[in-house]
Amino acid sequence: MSVEPFTLKWGILATGGIAKLFTKDLLIPPSTRSASDIHHQVVAAASSSSLSRAQSFLHEVGAPASATAYGSYASLWQDPAVDIIYIATPHSHHYQHARHCLEAGKHVLCEKAFTVNEEQAKVLIGIAREKGLFLMEAVWTRFLPVAREVRERVGRGEIGGVRRVWADLSFGGRVEELFGKEHRMVSMDLAGGALLDLGIYSLTWVFQFLYHIVPEAQRGPPTVASCMTKYPGTGCDEMTSIVLSFPPNGAHGIATTNIRVSHTPHPHHPTGDPIRIQGTLGEISIPFPAYRGHGLFWEADECARCIRDGKLESETMGWEESRVMMGVMDEVRRQGDWELERPFTKSFFRTSSRTYQPKRETGFEQH
Ligand SMILES: NC(=O)C1=CN([C@@H]2O[C@H](COP(=O)(O)OP(=O)(O)OC[C@H]3O[C@@H](n4cnc5c(N)ncnc54)[C@H](OP(=O)(O)O)[C@@H]3O)[C@@H](O)[C@H]2O)C=CC1
Ligand SMILES: O=C1OC[C@@H](O)[C@H](O)[C@H]1O
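Along each chain, numbering runs from 1 in the same order as the chain's sequence is written. Lettering for chains starts from A, numbering for ligands starts from 1, and both go in the order in which the items are written. Two thresholds apply to this predicted model, a pLDDT of at least 70 for residue-level local features and 80 or more for giving and counting side-chain atom pairs, whereas whole-chain, interface and lining totals are computed over all residues.

Named according to an unreviewed UniProt entry, the protein is D-xylose 1-dehydrogenase (NADP(+), D-xylono-1,5-lactone-forming) originating from Clohesyomyces aquaticus. Here the protein is described in UniProt, under the heading Sequence similarities (unreviewed entry), as follows: "Belongs to the Gfo/Idh/MocA family." UniProt positions are given in the numbering used here, feature names are shortened, and annotations may be inferred rather than shown by experiment.

The structure is reproduced here in structure tokens:
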């Protein structure tokens, strides 16, 4: 007997680079990755720039003609046809956009970094819990088959007890030419910087083996030591290196990120795997992965299965872990004296329109 797949109806909030890739991936039939239990439908997309931008976006990604284009985000989160909203705005806006979507009764998949600080993450989690809605940080690499397999093998003890994990995600380049002072990667107003943009991936690899797979009663937030070097153009971080020591036995996680030098200077001549998991009996290293499509559909499949099964959070990328990783990044910024220059902690981006003025309508004003 064949069972109808569960269909999840997506709304896309923002029309930038990753929104395009993600939406194209949503439209790849799940059967191409041997999934027959779920189906994704793109029902709407919204741009805060203009209606025509949303229309061009839907056309470019190949969405069905029935998909609705909106010229404001609020129209999207008010659309009754939408089940879940994928938020693909700059980091600075994740909190307020996710909050609006949740308050409008939508499930949310929010791009990384989840928020700009732990405080904001806690608020979003509280709202999702209270309203019975699914919420997940879109750390897509957690859902890659290679990540699942390595978690399982390490969890089975194949390399003994894990004592050290190294993870680097760094893209080197002529930063001033690439990003200037306005690009979201370096803009302080858009919560740019290597740590929030790329460092979250390094942290997520470390956390998978030194936190996620550790039995709940034994795991806990790590102690944090870090160095940060600022980008002269704006004052965000351009290199950050973090050393973590995890309970229960002090295992070390070394998470690094950089926008001046790369983890793989030449993709065809790799100089070493950027992820190494070292155990008492052996080591597993992972190269930078490459996939058909963009590899973003696995996280979308996870959303569909969780929502179908009535789960509010994913076991693979759960609320507690997103919150603890945000807390680590808060501490790294504190050690890097970041908040002395710009108050990313506490209420920044939350209520103050003095410190942050959105460039255009974002729905921010209500909070
Ligand atoms: N998973 C992954 O592999 C990747 C994830 N990301 C994450 O996705 C998010 C977006 O990144 P990316 O797509 O590269 O960014 P882009 O700059 O390409 O797109 C961001 C979009 O956000 C909207 N937006 C709303 N308010 C603003 C504002 N004040 N300034 C600029 N844009 C605004 C715009 O869409 P509109 O005009 O339609 O409203 C814009 O196109 C970030 O959180 C980033 O970390 C990024 C790259 C890869
Ligand atoms: O998530 C990301 O992965 C790819 C990078 O190029 C991008 O800046 C980052 O946001």
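Draft legend 1. Examining the site of ligand 1 more closely. In this analysis a residue is considered near a molecule or strand if the C-beta atom, reconstructed from its backbone, is found within 6 Å of that molecule or strand. Around ligand 1, a shell composed of 25 residues is seen, among which Thr15, Gly16, Ser47, Ser48 and Ser49 lie nearest. In DSSP terms, a helix is any run of H or I states spanning at least four residues, a strand is any run of E spanning at least two, and both are numbered starting from the N terminus. Put simply, the parts of the chain that give the shell around ligand 1 at least two residues each are helix H1 (17-26) and helix H4 (91-103). The leading source of residues in the shell around ligand 1 is H1, at 3 residues. Per-domain counts for the shell around ligand 1 show at least three residues from each of domain 1 (1-144 + 291-320 + 338-367) and domain 2 (157-285). These domain boundaries are the output of an automatic or database domain assignment.

Draft legend 2. Summary view of the UniProt feature "domain: Gfo/Idh/MocA-like oxidoreductase N-terminal" (unreviewed entry) in the protein. Here, the residues flagged by UniProt with the feature "domain: Gfo/Idh/MocA-like oxidoreductase N-terminal" (unreviewed entry) are residues 10-136. Secondary structure content for residues 10-136 is 42% helix and 21% strand, while the C-alpha to C-alpha distance between its ends is 14 Å.

Draft legend 3. Up close: the sheet that holds strand S10 (residues 251-258). Whether two strands pair comes down to DSSP finding at least two bridges between them. Strands sit in the order S8-S9-S10-S7-S11-S12 across an open sheet of 6 strands; the sheet is mixed. Each edge of the open sheet carries a strand with a single partner, namely strand S8 (223-230) and strand S12 (283-286). Neighbour-to-neighbour, the strand axes of this sheet turn through a mean angle of 5°, independent of strand direction. Relative to strand S9 (residues 237-246), S8 runs antiparallel, the two being bridged by 8 bridges. Note that in S9 the partner of Cys227 across the bridge is Ser241. The strands that helix H10 (residues 319-335) touches are S8 and S9; relative to S8, the one it contacts most, it runs at about 55°. Fitted lines through C-alpha atoms give the axes, limited to the stretch in contact for helices. The angle between two N-to-C directions lies from 0 to 180 degrees. The contact criterion used here is simple: two residues whose C-beta atoms, placed from the backbone, lie within 7 Å are in contact.

Draft legend 4. Highlighting the confidence of the model for the protein. Per-chain confidence: the protein averages 91 in pLDDT, with 90% of residues scoring 70 or above. Note that residues 345-367 has pLDDT below 50 and, in this model, 36 contacts with residues that lie over four places away or in other chains. The ipTM value of the predicted complex is 0.99, and its pTM value is 0.94. pLDDT is defined as a per-residue confidence score from the predictor, taking values between 0 and 100.

Draft legend 5. Broad picture of the environment of Leu312. Summarising the element assignment, Leu312 is placed in the loop between helix H9 (297-308) and H10. The class for Leu312 is partly exposed, based on 18 C-beta atoms found within 10 Å. Between the alpha carbons of Leu312 and Arg129 there is a distance of 7.3 Å; along the sequence they are 183 residues apart. Look past the residues within four positions of Leu312 in its chain and what remains in contact with it is Ala128, Arg129, Gly132, Leu133, Phe134 and Leu135. Buried, partly exposed and exposed are defined by the number of other C-beta atoms within 10 Å of a residue's own C-beta, namely 20 or more, between the two limits, and 12 or fewer respectively, with C-beta atoms placed from the backbone.

Draft legend 6. The sheet that holds strand S6 (residues 135-138), seen in detail. Strand order across the open sheet formed by 6 strands is S3-S2-S1-S4-S5-S6, with parallel pairing between neighbours. Taken across any chain shown, the strands that pair with only one partner, and hence form the sheet edges, are strand S3 (68-70) and S6. Each neighbouring strand pair of the sheet contributes to a mean axis angle of 25°, computed without reference to strand direction. Those strands touched by H4 are strand S1 (6-13), strand S4 (84-87), strand S5 (107-111) and S6, and its axis lies near 170° from that of S5.

Draft legend 7. Up close: the domain arrangement of the protein. Partitioning the protein into structural domains gives domain 1 (1-144 + 291-320 + 338-367) and domain 2 (157-285). Listed as interface residues are 12 residues of domain 1 and, on the opposing side, 11 residues of domain 2.

Draft legend 8. Highlighting the nonpolar core. Buried Ala, Val, Leu, Ile, Met, Phe, Trp, Tyr and Cys residues whose C-beta atoms connect them within 7 Å together make up a nonpolar core. Membership of the largest hydrophobic core comes to 104 residues, with the highest contact counts inside it found for Leu13, Ile85, Val108 and Val206. Considering each element in turn, this core owes the most residues, 13 residues, to helix H8 (residues 194-212). Lining this core are residues from two domains, each supplying at least three of them: domain 1 (1-144 + 291-320 + 338-367) and domain 2 (157-285). Setting aside residues no more than four positions away along its own chain, Val206 makes contact with Val165, Ala167, Leu244, Gly253 and Ala255.

Draft legend 9. Fine view of helix H5 (residues 118-131). Over its 14 residues, H5 extends 20 Å from the first C-alpha to the last, a length consistent with the 20 Å expected when each residue adds 1.5 Å. All of the buried residues in H5 are Glu118, Gln120, Ala121, Leu124, Ile125 and Ala128. The arc that holds the buried residues of H5, viewed along the axis, is 155°, so those residues lie on one side. For H5, the exposed residues set more than 90 degrees away from the buried face come down to Gly126 and Glu130. In this structure, the buried side of H5 is in contact with H4, S6 and H10. Of the residues flanking the end of H5, it is Gly132, one or two places downstream, whose phi is positive at about 70°. The span you would expect from a helix comes to 1.5 Å times its residue count less one. Think of it as the arc spanned by the lines of direction from the helix axis to the C-beta atoms.

Draft legend 10. Inspection of the environment of Val214 at higher detail. By secondary structure assignment, the location of Val214 is in the loop between H8 and S8. The exposure class of Val214 is partly exposed, given the 19 C-beta atoms found within 10 Å. Between the C-alpha atoms of Val214 and Arg174, which are 40 residues apart in sequence, the distance is 40 Å.

Draft legend 11. Structural context of the packing of H5 against H10. Direction vectors running N to C along H5 and H10 enclose 160°, while the axes themselves pass 8 Å from each other. By the angle between their axes, H5 is roughly antiparallel relative to H10. Helix-helix and strand crossings are classified by hand; for H5 and H10 the assignment is left-handed. Contact residues: H5 offers Glu118, Ala121, Lys122 and Ile125, while H10 offers Trp319, Ser322, Arg323, Met326, Gly327 and Asp330. Note on angle classes: values under 35 degrees are labelled roughly parallel, values over 145 roughly antiparallel, values of 65 to 115 roughly perpendicular, and the remainder oblique. Each helix crossing is assigned a hand: it is left-handed if the near helix lies turned anticlockwise from the far helix by less than a right angle, otherwise right-handed if that turn is clockwise.

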